[in-house]
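# Summary of the model geometry
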Amino acid sequence: MVTADNLNLDVLELIFLHLSGNDLSSVALVSRSFFVGVIPRLYRKIMFRLNHAKRYPKLMSPFNVILIRPSLATHVRHIEIRTIPALKFQHHPTFLLECTRALALCNNLQSFRCTVNAIPPFLASLQGKERLQEFRIHANLTTSQSEQLAKIGNLTNLCLDLGSWNVLDVLPRWTPKFANTLTSLCLFTANQLNETVLDKVLQQLPKLKALHIIGCGQVDHIAVLRLVSHTPLLESLSLSTTESSSPLCQPPPSLQHLKHLALDARYSMMSSPAPQVLSSILSHIQSSAPALLSLVMRLPEIKITVGDEFIEQLVELHGHTLQTLAFINCGVSMDCIMKISNSCLHMERLELPIPVKEITSFARALSQASNLQILIDTNIHSTHGNGLNVYLVQDNVRHLMAHSAQLRKIVSGKRCWKNTSSTSIDLSLERLPAYSSGTYWFMPRDMTDFGMN
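One structure accompanies this document, and this report is about it. Computed from a prediction, not measured in an experiment: that's the story for all the values here. (Residues numbered from 1 in each chain as written. Predicted model: local features only at pLDDT ≥ 70, side-chain atom pairs only at ≥ 80, totals over all residues. Heavy atoms only, no water.)

## Looking at the pattern of salt bridges
Formally: Any Lys or Arg side-chain nitrogen located within 4 Å of an Asp or Glu carboxyl oxygen qualifies as a salt bridge. Helix and strand definitions follow DSSP, with helices as H or I runs of at least four residues and strands as E runs of at least two, each counted in order from the N terminus. For every residue, the accessible area obtained with a 1.4 Å probe (protein chains only) is divided by the maximum for its type, and the residue is called buried under 20%, exposed over 50%, and partly exposed between those limits.
Counting across every chain of the model gives 12 salt bridges. One salt bridge connects R173 with D169, and the closest N-O pair in it is separated by 3.8 Å. Note that R173 and D169 are positioned in helix 8 (residues 165-174) at a spacing of 4 residues, about one turn of the helix. By relative accessible area, D169 is classed as partly exposed at 39%. Between R445 and E351 there is a salt bridge, with its nearest N and O atoms 2.9 Å apart. Taken together, the residues span a long stretch of sequence, with R445 in the segment after strand 18 (427-431) and E351 in strand 14 (residues 349-352) at a distance of 94 residues. This pair shows no difference in class: R445 is buried, exactly as E351 is. Residues joined by salt bridges that share partners form a network here, namely K45, E80, R82 and R113.

## Structural notes on the environment of K58
Examined against the element boundaries, K58 turns out to sit in the loop between helix 4 (50-54) and helix 5 (62-68). Judged by relative accessible area, K58 falls into the exposed class, the value being 86%. Between the alpha carbons of K58 and L234 there is a distance of 47 Å; along the sequence they are 176 residues apart.

## Considerations on a nonpolar patch on the surface
Stated formally: Residues with no salt bridge and a relative accessible area higher than 30% make up the patches, which join like charges within 9 Å and nonpolar side chains (Val, Leu, Ile, Met, Phe, Trp, Tyr) within 5 Å. Each accessible area value is a Shrake-Rupley result obtained with a 1.4 Å probe; residue values ignore everything except the protein chains displayed when judging cover.
On the surface, a nonpolar cluster with roughly 220 Å² of combined accessible area is contributed by L9, F35 and V36. Position of V36 relative to the elements: it lies in helix 3 (residues 32-42).

## Description of the packing of aromatic side chains
Heads up, the rule is: Classification of ring pairs uses Phe, Tyr and Trp, with its six-membered ring standing for Trp, and accepts pairs whose centres are within 6.5 Å; under 30 degrees between planes counts as stacked, over 60 as edge-to-face, and the remaining range as tilted. Cation placement over rings: the criterion is NZ of Lys or CZ of Arg within 6 Å of the ring centroid and within 35° of the ring normal.
Applying the stated criterion to the full structure yields 10 aromatic pairs. Geometrically, the ring pair formed by F63 and F95 is edge-to-face, given 5.9 Å between the ring centres and 85° between the ring planes. Taken as a pair, F63 in helix 5 and F95 in helix 6 (residues 93-105) lie far apart in primary sequence, 32 residues in all. Overall, F63 belongs to the buried group, its relative accessible area being 2%. A relative accessible area of 0% places F95 in the buried class. Three or more aromatic residues link up through ring pairs in this structure, and these residues are F48, Y56, F63 and F95. Its guanidinium or amino end placed over the ring of Y440, R136 lies 3.9 Å from that ring's centre, counting from NZ or CZ.

Below you can see the structure in the form of structure tokens.
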């Protein structure tokens with residue numbers, strides 16, 4: 001007789017693929033066979049967040065568990081460290097020792113992410129990880145530390161946050177180590193990055209498919225659009241725009257494979273030239289006739305509204321292909337929302353500030369979006385005089401779903417409303433985690449990702 005306890009181990013592992021978080025820990029306590037079956041899944045990804053740091057050292061870290069049972073290290077594929085416990089206003093030395101020693105044992109590691117300014121102790125343990133492909137770090141390093149970092153090779157995905165000049169200086173000499181493997185490069189808030197360095201880097205990365213240069217003060221949209229001529233296979237591009245009126249390079253770069261475009265508009269005045277600059281970028285890349293599937297844009301203030309002319313140009317050029325649209329920190333007029341709904345027939349995901357006080361008009365404007373499945377409110381819900389935040393409530397959600405036949409998920413704040421019925425409106429409410437997804441706001445969206453960072 002077949003019971004859950006004597007199922008084949010391979011079958012158990014397939015079942016446990018559908019579980020995560022605390023469910024995995026609970027399953028491990030059921031029986032010895034369940035424990036053996038769940039261990040590979042339980043230790044496949046190790047994530048250390050603020051809630052873990054608050055309970056350290058009373059709660060043993062997963063890194064210490066690996067040191068106690070080194071055989072567990074073989075299952076570790078992904079490590080993500082978002083915070084480090086403090087001891088007397090500095091990083092807890094015991095925790096760092098546990099991390100570095102455990103990391104040295106994880107020879108099957110495929111991705112490493114540490115967004116805390118604490119990379120130097122990890123550099124030695126990261127050497128020799130032949131399967132390491134994805135790498136994101138807070139890259140504030142010295143010259144010697146940067147040289148040690150540059151020994152890591154064969155990466156496919158590299159993200160450097162707040163990179164110091166030492167790291168940027170070594171980047172052109174580091175790039176050849178993964179010139180044939182790297183497909184995604186992200187340089188975020190690297191204020192010392194200049195066009196000369198980026199030019200040297202991109203010349204060595206002709207196979208690059210994703211390039212994200214955001215918040216790098218010396219490299220604006222004009223420089224990026226000039227340098228992407230080195231990377232004709234790009235499918236995803238993110239760049240920061242400025243108020244510069246300088247003409248864009250001619251001829252335009254060849255970007256016929258481009259699917260995702262993210263625009264980080266940085267302006268210093270309310271009456272900004274945002275529409276003209278953003279429109280010029282759309283016109284500039286149009287010579288390649290890219291079939292954009294996704295566009296994300298962020299303006300510096302919610303008070304700035306996306307220009308009607310820009311929306312008209314966007315839907316005229318890409319309305320027939322766009323599946324995802326996201327507007328962050330910017331208003332969208334009701335007429336523009338209606339134009340988007342009427343023109344973007346394949347749109348499945350829409351992110352924008354939801355006008356709660358005009359919910360009836362908003363629902364009517366969305367009613368023509370026949371394929372819309374996910375709606376995300378990007379409002380920063382500031383207080384309105386009475387000290388209370390304004391979020392969507394159940395009646396608002398029902399009203400929106402009643403007007404949009406395919407709408408299945410609506411996210412507002414940390415609330416995710418789901419309609420589980422295809423013939424009526426049967427709502428369920430899910431509380432999203434208090435912590436962020438850890439994904440950059442400008443990256444291409446996943447239909448299962450509701451975070452906005």
